[in-house]
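This is what each chain is made of:
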Amino acid sequence: MTNFHVLTLFPEIIYGGLNHSILKRAIDKNIININCINIRDFSNDKNKRVDDYPYGGGYGMLMQAQPIYDAYKSIKKNCRVIYLSPQGKIFNQKTAYKLSMENDIILLCGHYEGIDQRIIDEIVTDEISVGDYILTGGEIPAMILIDSIARLIPNVLGKTESFCNESFENNLLEYPQYTRPEIFNGRTVPEILLSGNHNEIKKWRLKQSFINTVVKRPDLLKMEDDKMNAIFTRRSIRKYKNEPISDEQLEILLKAGMSAPSAMNSQNWEFVIVRDKNHLSKLSTLNPYHQMLKDSALAIVVCGNTSKILGDEYWIQNCSAATQNILIQANEMGLGAVWLGVAPYEEKMKKISDNLNLPDYVKPLGIISIGVPDEFKQPQNNFSLEKIHYEKF
Ligand SMILES: Cc1cc2nc3c(=O)[nH]c(=O)nc-3n(C[C@H](O)[C@H](O)[C@H](O)COP(=O)(O)O)c2cc1C
């Protein structure tokens, strides 16, 4: 069962809004549970006040930290605490999916002009917004989250209400749908849908989904959330702050690299880590396009071990896959990185090999320059229908 714990001053809004139709059925079947905690019940004030004037002056009242904190403590769950706030990350289907995997979720609904910052710092794990507009309180956003998360929980939707192939699946809008009659006001149903050829229908639908998305919501193709985020927002970052990268961060990056696919699973990569500032400076002089290395926190030189019998012919592909994994993981961790090419140029490879004392059978593919980013680049949407060819070129 998934428990939604809602910290609110108005439980009746939540119960009134959600106890109907599909969600009511899910509650009755004990698939989900909605548990409202009235923050006012935890006020220590004799008049049960929960708000006060903001320090430093300004309009409106703020919700005080104490009643919220005590209400939160009463739940006794170590789980995500989501504060519904226009300052949060915009909610979307991917986030709904992620949250549908949780057993307990605490939703904190603010009111008045907001809540004491210290409660956000103390207990909130995620701030989520349902759009760029202001509402009178967090209850309606909390209901939006509960509705969209709950319907993704197994058995909440019945068979006929299945959520496959609908808008936002795979970041694509849905394809157009038609039902009887075949001709309406002179408008016909696309012939392919009447063909009975399920393979062709599937392909047609996928193509229509792409077209729909490109035309109506191109922003979805550079989705700002989740796994796709790590891919779309990865850009080559060449300016870094003078800040270090920890051993733990480095280990995660290397784990990402070693999780790459490799031909015959040979995993014939080797990684040389360069952290010494003088060494980084030296490396930066070996190639005019590698100058940013002198300001990076570290460099990972990705090399292929060609001594192995199986898969060694593919060392470039294997190491490229590892490099790309590291770049994506670096971005995911808020680090900035850029791929610096070395192979297949013999002369460039020799300079690096000499510098790192690489044995003959270890070939440098490239260098990943990594640091705490000191520049921001917009996500790039390179999606192009012209690059896609169906069946034959
Ligand atoms: C094989 C390869 C070699 C590259 N070599 C360099 C390089 O030597 N110096 C550099 O600044 N960027 C280098 N890059 C980064 C590309 O310039 C960059 O990926 C491309 O311009 C696209 O920009 P983006 O990564 O921000 O999307 C290289 C990228 C690849 C894949």
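Please read these numbers as outputs of a predicted model, since none were measured by experiment.

A. Structural detail: the overall build of the protein. Counting secondary structure elements, the protein contains 12 helices and 13 strands. Expected size for 393 residues packed as a compact globule is a radius of gyration near 21 Å; at 27 Å, the protein overshoots this value by more than 25%. Considered along the principal axes of its C-alpha atoms, the protein spans approximately 75 × 65 × 35 Å. Counting the 393 residues in the protein, one finds 29% classified as buried. Considering only contacts in the protein between residues 6 or more positions apart, those separated by 24 or more positions represent 78%.

B. Focus on unusual backbone geometry. Here the amide bond leading from arginine 180 into proline 181 is cis, since omega sits at 5°, within 30 degrees of zero. Examined against the element boundaries, proline 181 turns out to sit in the loop between α6 (139-150) and β8 (183-184). Although it is not a glycine, lysine 76 adopts a positive phi angle of roughly 55°. Within the element layout of this structure, lysine 76 appears in the loop between α3 (65-75) and β5 (80-90).

C. Representation of the sheet that holds strand β1 (residues 2-8) in the model. Read across the sheet, five strands follow the order β2-β1-β6-β5-β7 without closing on themselves; strand pairing throughout is parallel. Of all strands in the sheet, those with a lone pairing partner are β2 (32-38) and β7 (126-129), marking the two edges. Averaged over neighbouring strand pairs, the angle between their axes works out to 35° when direction is ignored. Relative to β2, β1 is paired through seven bridges, and the arrangement is parallel. Across the sheet, asparagine 3 pairs through a bridge with asparagine 33, a residue of β2.

D. Local environment of the nonpolar core. With 41 residues, the main nonpolar core has Leu7, Leu107 and Leu108 as its most contacted residues. Ranked by the residues each element gives to this core, the list is headed by α6, at six residues. When residues no more than four places from it in sequence are discounted, the contact partners of leucine 107 are Phe4, Val6, Leu7, Ile82, Leu84, Ala142 and Leu145. Within the second largest apolar cluster, 32 residues are counted, among which are Leu283, Ala322, Ala337 and Val342.

E. Expanded view of the site of the ligand. In the vicinity of the ligand, the residues found are Arg235, Ser236, Arg238, Tyr289, His290, Val338, Trp339, Leu340, Gly341, Lys377 and Gln380. For the shell around the ligand, the class distribution of residues is four nonpolar, four polar and three charged.

F. Region of interest: the packing of helix α9 (residues 247-258) against helix α11 (residues 315-332). Here α9 crosses α11 at 140°, and the two axes come no closer than 7 Å. In this view, α9 runs oblique relative to α11, as classed from their interaxial angle. For the element pair α9 and α11, the recorded crossing hand is right-handed. Within the contact between the two elements, α9 uses Ile252, Leu253, Ala256, Gly257 and Met258 and α11 uses Ala322, Asn325, Ile326, Gln329 and Ala330. Among the residues forming the contact of α9 with α11, the class breakdown is seven nonpolar, three polar and no charged.

Scoring rules and cut-offs
- Residues numbered from 1 in each chain as written.
- Predicted model: local features only at pLDDT ≥ 70, side-chain atom pairs only at ≥ 80, totals over all residues.
- Helix = DSSP H or I, 4+ residues; strand = E, 2+ residues; numbered from the N terminus.
- Rg over C-alpha atoms; globule rule 2.2 N^0.38 Å.
- Buried ≥ 20, exposed ≤ 12 C-beta atoms within 10 Å, placed from the backbone.
- Contact = placed C-beta atoms within 7 Å.
- Pairing = 2+ DSSP bridges.
- Axes fitted to C-alpha atoms, helices over the stretch in contact; angles between N-to-C directions.
- Core = buried A, V, L, I, M, F, W, Y, C linked by C-beta atoms within 7 Å.
- Near = placed C-beta within 6 Å.
- Nonpolar A, V, L, I, M, F, W, Y, C, P; charged D, E, K, R; others polar.
- Parallel < 35°, antiparallel > 145°, perpendicular 65-115°, else oblique.
- Left-handed = near helix turned anticlockwise from the far one by under 90°.

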